[in-house]
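Each chain, letter by letter, is given below.
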Amino acid sequence: MNIVGQLAPLAFGLAVIGSGIGVGIIVGKTIESVARQPELQGRLSSLMFLGIALTEALCFIAIAVAFIPFPAP
């Protein structure tokens, strides 16, 4: 039984779930910050997009690692 082949979909799912939670937290905190100080909206939006890009990059790295062929024990 090839356990590595069965773990790849699990890695995809966890990567997507984690990325979705991270992006949701980033966007939610940015909306909260803009509600508190509307004059900082431009600066906060650029920082939000940077944070979203880094969070999504971690997701893509996790998906790429799932494609690496590991030797069977």
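- An unreviewed UniProt entry lists the protein under the name ATP synthase subunit c, with Microbacterium deminutum as the source organism.
- Here the protein is described in UniProt, under the heading Sequence similarities (unreviewed entry), as follows: "Belongs to the ATPase C chain family."

A closer look at the side chain of Ser19
Working step 1: Here Ser19 lies in helix H1 (residues 3–36).
Working step 2: Here the side chain of Ser19 touches Glu56 through a polar contact of 3.0 Å, side chain to side chain.
Working step 3: When neighbours within four sequence positions are excluded, Ser19 is seen to be in contact with Thr55, Glu56 and Cys59.

Observations concerning the environment of Gln41
Working step 1: Note that Gln41 resides in helix H2 (residues 41–66).
Working step 2: Sequence-wise, Gln41 and Ile31 are 10 residues apart; in three dimensions their C-alpha atoms are separated by 9.0 Å.

What counts, and at which threshold
- Residues numbered from 1 in each chain as written.
- Predicted model: local features only at pLDDT ≥ 70, side-chain atom pairs only at ≥ 80, totals over all residues.
- Heavy atoms only, no water.
- UniProt positions renumbered as here; feature names shortened; annotations may be inferred.
- Helix = DSSP H or I, 4+ residues; strand = E, 2+ residues; numbered from the N terminus.
- Polar contact = N/O pair within 3.5 Å; in protein donor to acceptor, adjacent residues only side chain to side chain.
- Contact = heavy atoms within 4.5 Å.

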